[in-house]
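What follows is the residue order along each chain.
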Protein chains: 4
Amino acid sequence: MAGSTLGTLLSVTTWGESHGKGVGVVIDGCPAGLPLSETDIQIYLNRRKPGQSRYVTPRKEEDAVEILSGVFEGRTTGTPISLIVRNTSQRSKDYSELASCYRPGHADYTYDCKYGFRDYTGGGRSSGRETIGRVAAGAVAAKILAELGVTVTAYTKAVGPVSINYDCFDLSVMEQNAVNMPDVKAAALAQAYLDTCREKGDSCGGVIECVIHGLPAGIGEPCFEKLSANLAKAVCSIGAVKGFEIGDGFAAANSLGSENNDAFYRKEDGSTGKRTNHSGGVLGGISDGSDLIFRAAFKPTPSVSVRQQTVNRSGEEIEISVRGRHDPIIVPRAVVVVECMAALTVLDLMMISMTARLDRIKDFFSSI
Amino acid sequence: MAGSTLGTLLSVTTWGESHGKGVGVVIDGCPAGLPLSETDIQIYLNRRKPGQSRYVTPRKEEDAVEILSGVFEGRTTGTPISLIVRNTSQRSKDYSELASCYRPGHADYTYDCKYGFRDYTGGGRSSGRETIGRVAAGAVAAKILAELGVTVTAYTKAVGPVSINYDCFDLSVMEQNAVNMPDVKAAALAQAYLDTCREKGDSCGGVIECVIHGLPAGIGEPCFEKLSANLAKAVCSIGAVKGFEIGDGFAAANSLGSENNDAFYRKEDGSTGKRTNHSGGVLGGISDGSDLIFRAAFKPTPSVSVRQQTVNRSGEEIEISVRGRHDPIIVPRAVVVVECMAALTVLDLMMISMTARLDRIKDFFSSI
Amino acid sequence: MAGSTLGTLLSVTTWGESHGKGVGVVIDGCPAGLPLSETDIQIYLNRRKPGQSRYVTPRKEEDAVEILSGVFEGRTTGTPISLIVRNTSQRSKDYSELASCYRPGHADYTYDCKYGFRDYTGGGRSSGRETIGRVAAGAVAAKILAELGVTVTAYTKAVGPVSINYDCFDLSVMEQNAVNMPDVKAAALAQAYLDTCREKGDSCGGVIECVIHGLPAGIGEPCFEKLSANLAKAVCSIGAVKGFEIGDGFAAANSLGSENNDAFYRKEDGSTGKRTNHSGGVLGGISDGSDLIFRAAFKPTPSVSVRQQTVNRSGEEIEISVRGRHDPIIVPRAVVVVECMAALTVLDLMMISMTARLDRIKDFFSSI
Amino acid sequence: MAGSTLGTLLSVTTWGESHGKGVGVVIDGCPAGLPLSETDIQIYLNRRKPGQSRYVTPRKEEDAVEILSGVFEGRTTGTPISLIVRNTSQRSKDYSELASCYRPGHADYTYDCKYGFRDYTGGGRSSGRETIGRVAAGAVAAKILAELGVTVTAYTKAVGPVSINYDCFDLSVMEQNAVNMPDVKAAALAQAYLDTCREKGDSCGGVIECVIHGLPAGIGEPCFEKLSANLAKAVCSIGAVKGFEIGDGFAAANSLGSENNDAFYRKEDGSTGKRTNHSGGVLGGISDGSDLIFRAAFKPTPSVSVRQQTVNRSGEEIEISVRGRHDPIIVPRAVVVVECMAALTVLDLMMISMTARLDRIKDFFSSI
């Protein structure tokens, strides 16, 4: 099935393996008239590049994007935008010994079960490099959203046991530390914790939080295509994500209705606001005009150098130690991926929402 | 957009409002040859019926299902199965005073923003009655899954602060208590807690856990159509769900790679097993042959009789108290809804997975 | 697969067999705010009702539609509109002798091959009654299109060898003759021809032409989702259709480029027009602002009372004569079906086209 | 909208403009285990290459395909196959004078209406080069179909007024003449006719016929997803196609039921056959086991050097003569495109059909 395509009106199709010729994405349904350059996209790709600190893998990847189609004289034409990033830094030999073994926590075994064999070099399609296509497409979506007054901002909320303190929340410092935390002190503690993991040849997980600001009320469709449901799918489709929550999330399960309900009030400009935001910006799955807030839980990077027990393709029990250049934590590099998946989801649903009311459709066609 | 349709090969389309003529579902793509009667479906619908205990709403709803099409001489024909449940117990006048006000925690405001007006009787399309179509369709999916050796079992894991104790886990008692908990003691504590909420005119949330047993390895598609991502969407599309997690979920964010990885081993029959199941049955988004385990967090029922502040359509600030026959908790009735959403998702992905390998496609067509 | 669902933003799902409990449709994605009553839909259903003349089947069918959901206080709410027409005039015994035989020209054999068995009463799902759901949905689409200034008009162009003469073209007479021809003389000749067929126990085919007026330029998507391609699929999905052509159609294959190209010119109001319309209103698959014109070829009704050779389920060669109340021609009743399929297709693509330009999306969201 | 994606389980997404950096396609859902090389695809691309005779454009295009992903050690892995063909022979200056004018018969005007501006070099996305992605993907589909015993063969049936004579039908000569006709004499006449067109600076249309052999009965879904309807859409999505017919097509509209019905009979091996094939291989939209036969009508190439009247972007009336290297007829090069669109459609529906019966699904999962 078309597992590599996401979206209805704005549709993205990603392709590529970690050690093949490259990775890329085709964006279809991008509205015409958006000024777009490779730099717009490269800025986002650079945010997920490894090698920025000692906490992310020291592999050197160029990840230079090339626009192959869909842009003419600097603007999008409305036709498919094809983007490619050539792979340049593969060392396939690193992986030769893993060809016949199933690394615990990786998709080796499940791909073999599904397809009968697999591209065993660097994780193949299940590699983190698959997210390059998502980020490249998300950069385009985010640029469009900015034109519509909507911003999407993700950051690291927790690294293992270390969480940010909202009293110290400062987005401006997020890009200044290697863990992408908007809290200087928490970032320092997180880095110390990661050093410990690294020394032990181990890895750890974390939590990313994302805030979408400026979203009008009314986005998301009833029933199966709720904004929250689509965000859940988009975020849980990122490799290492094991949990998703919106607003108070799991904490809402242990709260009272009288606490969890957000009271409405009349704003000074006459519009309707909410005094609190336990809902996280959605009611009935549809945006309520407040900031949309969600979180994603990431499991630890499965590639650890401590010895692990597993089996090989022949069913023999073996011991392995995954060597190579791996992140001790995936979270900091995944921040931009979460942001991009959210941007793609929200933009698609905004476009879809344009046809919800007959009077607005009539206005649209009578004005063109 | 088609927000009320779910699925690719097995597709369900639900319709209906709480106080309209009825609710229903069209199941398209159901394989031919399944013995199917109204009783098969009614058993599932009865599990979500209110009036079973003092913790769920005392409204009397018949919820009797009628098969309108797609079944001939007791078996499914492969063509659309249309199911209808007539509404019989609506008291629209209960809601007349709420017509122009926005109940906190409900979808009143967002529907008005999206559509310009709304069916204000009983929540309209955003009512819990919308799940009748999901359950009716899920009953059919579950029956097919049973024929394929796959069982889906959900239960209440937590009611407010009361969680089950896995040492006392006993599925056989789940249907014997009003909160659908597989733990006698926890059920009693939960019921006491609910009595307190009820007395205060308040409501509470909870957590549902779901286990899928018998699923072969290899189900789910790479990238955007992962099994976990599709489950996340299906579950988060249920009205009151605010969080989803699979396997260790949010706890995985604070664990080490060496702990979180599940070691593979050789089973006695020569097949591959996992010594632990932190993954919750998916690796790389594809089933790994272990039990699939996920949880959903439900917020408290927003309809509480304690006074709340809100605004009306004219933007005036008002106070309301939501009277009427409402559940103090939605979780027990939602257990079967979670089960059904999981069944629909898994069956669709199983059917899709049949085309993953060329050799199996060849075998299929050479044998017919 | 979901073979019974059509459309992206405006989606319709039909269900039902000719001799089951009823037939119906769920319309999802209908914009909110359309005044809609059962009468609006019944008018369209009456146009496909049998029993209007001696050339169509004398079965009495009520075909009274009931709106089950999606309309509140006389207007669409934006949520699914469920429509049902109960079957009232089935005589299943008529078909008992055909249970095990494959009628030539019918879908009996292919349904058995596909599903292993079939509902043999009255054609089951492959019956012409399946089109009731299409027409009910199309009536809603046509009403919306009318609000947008777009009209869809189909009529019988040919009955067997008898074609209309465009010099005598008069739409006002179309509903006054039993063959729905907009030409009094041709209608008389066609009726005479049908009488001959009827006497011989035979049937005949015909051609329906459809004109869509008022469509703005720019509707339809490049590549696979061209307006022409979607119309072709929608029209060829009607049971007896064997051919589709747009503009000059097959005649274009034997014309010169210099003839077939339509010269553009400047209209008095400064806009751009075409001096001819060989294109039939699409260029590159996208509407060009001219009338959209297409035709569909219908095969003869396969139910004929002359004796035919065939086989039964056991593979034995037998002779049959299809008795019962059948139309000697399907074309007059199919006129409204073609119209409705066109309306559904065009409206969906109009809604989709609203997101083609970034400046228009910005205007839309800045005005709400 | 995602106008550039086709298919459900086997999905293809094409991208690229005639004078951009290249054109390509992403094939998603291709079953794992197919041996695949660039040569397999190049053979198909070479069949649509220009420069093979004096009747097709003398532009030199390399059209060398590169596999970027989805193939590992010579076999498909089940993940997306990304294919690219770099553009090498563009002369953008040829088109500069056409930048602001609307060529009759081309999509210049409709693209401007839809998107506000367009890539005016060489037709941009509406260029015939867009079909390279279709052919590259179709080559893969055809290779899979061959493994399943299904062959798809298209050929030129008519060039302007010259049609093949079925008494002289000889597929082996099709590739030996520049018009791809399976009839030596007709090919000679067609070539003479084309010479005349060419001398006058004019162009002509034609008809392509396609036969699909070996298709099992039961392929295609009821109602909207009929095999015939999907073929109609796929074929009518090719740029210059103005008509589609299956089996007797438009001729069926002027035939009697007694003639048009195909009698079933018992074959020597006990299976069921049809004595004639007026249906063209589908009954009720589902394959009946006979050869599937359809035809597509192509309009004349709109680029003619005779002078034509048109307008420019400013709405001024002008005269133009389209110079440059253009085919006087598109049909011979489109033969492989038709074949490929049919292959993609049929393979997708074959894969979908695997889930039609519960017993077969059970067999499938019990055997893995």
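Residues numbered from 1 in each chain as written. Chains lettered and ligands numbered in written order. Predicted model: local features only at pLDDT ≥ 70, side-chain atom pairs only at ≥ 80, totals over all residues. Heavy atoms only, no water.

Caption draft 1: Structural context of the relation of the copies chain B and chain D. Turning chain B through 180 degrees and shifting it by 0.0 Å along the axis lays it on chain D, with an RMSD of 0.0 Å. Both copies of the chain, as the preceding transformation shows, are related through a two-fold rotation axis. (Least-squares fit on C-alpha atoms with pLDDT ≥ 70 in both.)

Caption draft 2: Structural detail: the sheet that holds strand β7 (residues 81–86) of chain A. Residue and element names in this part refer to chain A. One open sheet accounts for five strands, arranged β1-β2-β3-β7-β4; its pairing is antiparallel. In the strand order of this sheet, the two ends are held by β1 (5–6) and β4 (65–67), each with one partner. Sitting on the sheet, helix α1 (residues 38–47) touches β4 and β7, and the angle it makes with β4 is about 150 degrees. (Pairing = 2+ DSSP bridges. Helix = DSSP H or I, 4+ residues; strand = E, 2+ residues; numbered from the N terminus. Contact = heavy atoms within 4.5 Å. Axes fitted to C-alpha atoms, helices over the stretch in contact; angles between N-to-C directions.)

Caption draft 3: Representation of the environment of T345(A). Residues and elements named next belong to chain A. The topology assignment puts T345 in helix α7 (residues 331–353). For the pair T345 and A141, spaced 204 residues apart in sequence, the C-alpha separation works out to 8.9 Å. In this view, T345 contacts N230, L231 and A234; residues no more than four positions away in its chain are not counted.

Caption draft 4: Structural view of the interface of chain B and chain D. Taken together, the 28 residues of chain B in the interface contact 28 residues of chain D. Of all residues in chain B, the largest losses of buried area upon contact with chain D belong to M354(B), L358(B) and F365(B), amounting jointly to 25% of the total for that side. Taken together, the connections running from chain B to chain D amount to two salt bridges. Note that K362(D) is salt-bridged to E147(B), the shortest N-O span being 2.6 Å. Scanning the region where chain B abuts chain D turns up six residue pairs in polar contact (both at pLDDT 80 or more). (Buried area = accessible area lost by both parts, 1.4 Å probe. Salt bridge = Lys/Arg side-chain N within 4 Å of Asp/Glu carboxyl O. Polar contact = N/O pair within 3.5 Å; in protein donor to acceptor, adjacent residues only side chain to side chain.)

Caption draft 5: Layout of the confidence of the model for chain A. Model confidence for chain A is summarised by a mean pLDDT of 93, while 94% of its residues fall at 70 or above. Both confidence scores are given for the complex: pTM 0.97, ipTM 0.96. (pLDDT = per-residue confidence, 0-100.)

Caption draft 6: How the structure looks around the relation of the copies chain D and chain C. Superposing chain D onto chain C takes a rotation of 180 degrees plus a shift of 0.0 Å along the axis, which leaves an RMSD of 0.0 Å. Interface overlap between copies is the fraction of interface residues in one copy that are interface residues in the other; for chain D against chain C it reaches 100%, indicating a shared surface.

Caption draft 7: Region of the structure containing the interface of chain D and chain C. If you look at the interface, chain D gives 109 residues, while chain C gives 109 residues. Of the roughly 8500 Å² buried between chain D and chain C on both sides combined, carbon and sulfur atoms contribute 60%. At the boundary of chain D and chain C, one finds six salt bridges. Between E225(C) and K233(D) there is a salt bridge, with its nearest N and O atoms 2.9 Å apart. At the boundary of chain D with chain C, the tally comes to 46 residue pairs in polar contact (both at pLDDT 80 or more).

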